[in-house]
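Overview (structure and organization)
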Amino acid sequence: MMDRGLDIRSEHLLRDLAPQVLGVVIRRFRDFAAAEDAVQEALIAAALQWPREGIPDNPRAWLIRVAFRRMTDHVRSELARRQRETAAVADMEQLAPPVDAVSESDQDDTLILLFMCCHPALTSPSAIALTLRAVGGLTTAEIANAFLVPEATMAQRISRAKSSIKASGVPFGLPTSEEREQRLRAVLHVLYLIYNEGYTSSIGPHLQRLELSREAIRLTRAVHVLLPDDAEVAGLLALMLLTDARSTARMGTDEELIPLPRQNRALWDQTKISEGIALLTAALAKGSIGAYQLQAAVAAVHDEAARAEETDWPQILALYELLKCMSDNPMVTLNHAIAVAMVHGPSNGLELLRALDSDTRLAGHHRLDAVRAHLLEMAGDHETASKHYRIAAGRTTSIPERNYLMRQAARLSKTDEMAP
C-alpha cells in the first residue's frame, strides 16, 4: 500500500477507473441500476479508506472486489426478500464468485460498457444520456447542458432509461457485429459530448477537464482500431485531435480563457495537427462525407492558418453550409452565423441570429448572447455588445467563461467612456 492521502491525482484515478469497474460488474451481474449503486458505494469506500490506509497497489482490483461484495449482498437480499428456494440462492451465488476469485486482469471494459449502454430498449437520446453518466462520469447537470434541457428533465430521462432497461428483459451483454453497427452513431455522439465537456467544462471553476477529453480521445482511438474503415469514426478522432492541439494555448496561467484569435499558435501541438489532418484526408478520400468529418475540416482550416488574420473564412463558411444541410443542431446555426459575419459582415450574421431567438433549445443559453455580443462589437455597437456580454456572463455556469465575458463587457464600457 502507498502511504499517502487521496490527492487530486487519486481523485482523477477514481474517475478514470469508475467506468472500467462498472463494466466488469455489469458484465458479471447483468443489472445496470444495482451495479451502478454498487460501484458508487465502492468509490465512497475508497474515498473514506484510502486517505487513512493508502492507495492499494492495484486500485482497480480493490474497487472491483468491494463492488462485488456489495452486489453479492444485494443479490442475497433480493433472494431473501422474495423467499426464493435454496436452490435459487445457490444458482445466484455461482453468478457472483467469492471475492478472492475476482480476476485482477488489466482488461479495460470501458469500450465494452460504451457499446453496452447504447441499449436497444432505449431511444437514442436516453441511451446517450445514460452512457454519459456511466462512461463519462458526467453529472446530471453537465449532461443537461450538453442536451440544452433543464437538469430536472435530464434526471427524469436517466431514471426512465434505467427503468426501461429493467422492464425490457433484454440483458446487458457484448453486442454482435450487427448490433455494434446499429449502436455506433449513439456511441460516437457520446464520445463527442464527453470530449466537449472536457475541452470546455460547462460547470464550475475549471476551464478544462483534461481527464475527460483525454479519455474521449483514448476511447475514440479504440473504436477506430475496432472499425478502421469507418470514415465517421476517423472523422471524429480527427476532430478531437485537431481541436485538442490548441488546448494548451487557450488557457492562461490563472485558467483564464484565451479566445482562438489571441492564442499563441506556437504553443499548438503540431504532432496532433499532423495526425488529425492525415486521418481526415484518408476519411474524406472514402467518399462518404459525414458531420464529424466536416467539423474536423473546419478545425483543420483554423489549425493551418499561421495567423488569425490568414484564416480561410470563405472555406469555413462553405463547410458550415454543408453542415447545416446535415443537421438542425442550433450550435451549427450559431457557428454558421459567425462564419457569415466574417465573410459578409456582422449585420448579415446578426440577421441569422434572429431566427435562433425563437429556438427553445437555445432560449436562455449564454452562447447565443455571447455570439450576439461579439457580432455587435464587430459592427461597432459597443454599448449593446457590452449589455449582451453581461447577459451571457449571468447565464453561464462556467466561472472562467463568466470571468472572460465580464472582462469583455468591462473593456467595451471603458472604451465608450474614453471615446470623444
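Above: the structure in question.
Described below are features of the structure shown in this document. (Residues numbered from 1 in each chain as written. Predicted model: local features only at pLDDT ≥ 70, side-chain atom pairs only at ≥ 80, totals over all residues. Heavy atoms only, no water.)

Details of the overall build of the chain
Within the chain, the secondary structure is distributed over 19 helices and 2 strands. Across the 420 residues of the chain, 50% fall into the buried class. The contacts of the chain with a sequence gap of at least 6 include a subset with a gap of at least 24, amounting to 65%. Total accessible area on the chain is roughly 20300 Å²; 52% of this is exposed by carbon and sulfur atoms. (Helix = DSSP H or I, 4+ residues; strand = E, 2+ residues; numbered from the N terminus. Buried < 20%, exposed > 50% of the residue type's maximum accessible area, 1.4 Å probe, protein only. Contact = heavy atoms within 4.5 Å. Areas by Shrake-Rupley, 256 points an atom, 1.4 Å probe, with all protein chains shown as cover.)

Regarding the pattern of salt bridges
Enumeration according to the criterion identifies 19 salt bridges in this entry. E351 serves as the salt-bridge partner of R354, at 2.3 Å between the closest nitrogen and oxygen. One end of the pair, R354, and the other, E351, are both in helix α16 (residues 346–354), 3 residues apart, so they sit about a helical turn from each other. Its relative accessible area of 48% is what places R354 among the partly exposed residues. As a salt-bridge pair, R395 and D369 come within 2.5 Å of each other at their nearest N and O atoms. Of this pair, R395 sits in helix α18 (residues 382–395) while D369 sits in helix α17 (residues 366–378); the two residues are 26 residues apart in sequence, bridging distant segments of the chain. A cluster of three or more residues bridged by salt bridges with shared partners is formed by E36, R133 and K162. (Salt bridge = Lys/Arg side-chain N within 4 Å of Asp/Glu carboxyl O.)

So, a nonpolar patch on the surface
A contiguous nonpolar patch, built from L284, I289 and M326 and spanning about 240 Å² of accessible area, is present on the exposed surface. Relative to the elements of secondary structure, L284 occurs in helix α12 (residues 270–284). (Patch = residues over 30% accessible without salt bridge, like charges linked within 9 Å, V, L, I, M, F, W, Y side chains within 5 Å.)

Some remarks on the nonpolar core
Among the nonpolar cores identified, the biggest contains 128 residues, and V25, L63, L132, V223 and L353 are the most heavily contacted of them. In contact with L353, other than residues within four places in its own chain, are L334, A337, L368, V371, R372 and L375. (Core = buried A, V, L, I, M, F, W, Y, C linked by side-chain atoms within 4.5 Å.)

Regarding helix α8 (residues 151–168)
Relative to the 26 Å expected for 18 residues at 1.5 Å per residue, α8 spans 26 Å between its end C-alpha atoms, a close match to the ideal helical length. Restricting attention to buried positions, one finds in α8 the residues M154, R157, I158, A161 and I165. Down the axis of α8, the sector holding all buried residues measures 95 degrees, keeping them to one side. When the buried face of α8 is taken as reference, the exposed residues oriented beyond 90 degrees from it are A152, K166 and A167. The elements touched by buried residues of α8 are α6 (124–136) and α7 (140–147). In the stretch just after α8, G169 is the one whose phi turns positive, near 75 degrees. (Expected span 1.5 Å × (residues − 1). Arc of directions from axis to C-beta.)

Quick notes on the side chain of D369
Note on D369: relative accessible area 6%, which makes it buried. Within the structure, D369 has its side chain in polar contact with the side chain of H388 (distance 3.0 Å). Excluding residues that lie within four positions of it along the chain, D369 makes contacts with H388, I391, A392 and R395. (Polar contact = N/O pair within 3.5 Å; in protein donor to acceptor, adjacent residues only side chain to side chain.)

A few points about the environment of V21
Within the secondary structure layout, V21 lies in helix α1 (residues 8–29). Its relative accessible area of 1% is what places V21 among the buried residues. Between the C-alpha atoms of V21 and R65, which are 44 residues apart in sequence, the distance is 9.5 Å. Ignoring anything within four residues of it in the chain, the contact list for V21 reads V39, R60, L63, I64 and A67.

Quick word on the packing of aromatic side chains
Summed over the entire model, instances satisfying the criterion amount to 4 aromatic pairs. When the centroid spacing of 5.5 Å and the interplanar angle of 50 degrees are considered together, the rings of Y192 and Y292 count as tilted. Taken together, the residues span a long stretch of sequence, with Y192 in helix α9 (residues 177–199) and Y292 in helix α13 (residues 291–304) at a distance of 100 residues. Centroid distance Y195 to Y199: 5.7 Å. Interplanar angle 20 degrees. Geometry classified as stacked. Of this pair, Y195 and Y199 are both found in helix α9, 4 residues apart, which corresponds to roughly one turn of the helix. Residue class for Y199 comes out buried when judged on its relative accessible area of 11%. (Phe/Tyr/Trp six-rings, centres within 6.5 Å; stacked < 30°, edge-to-face > 60°.)

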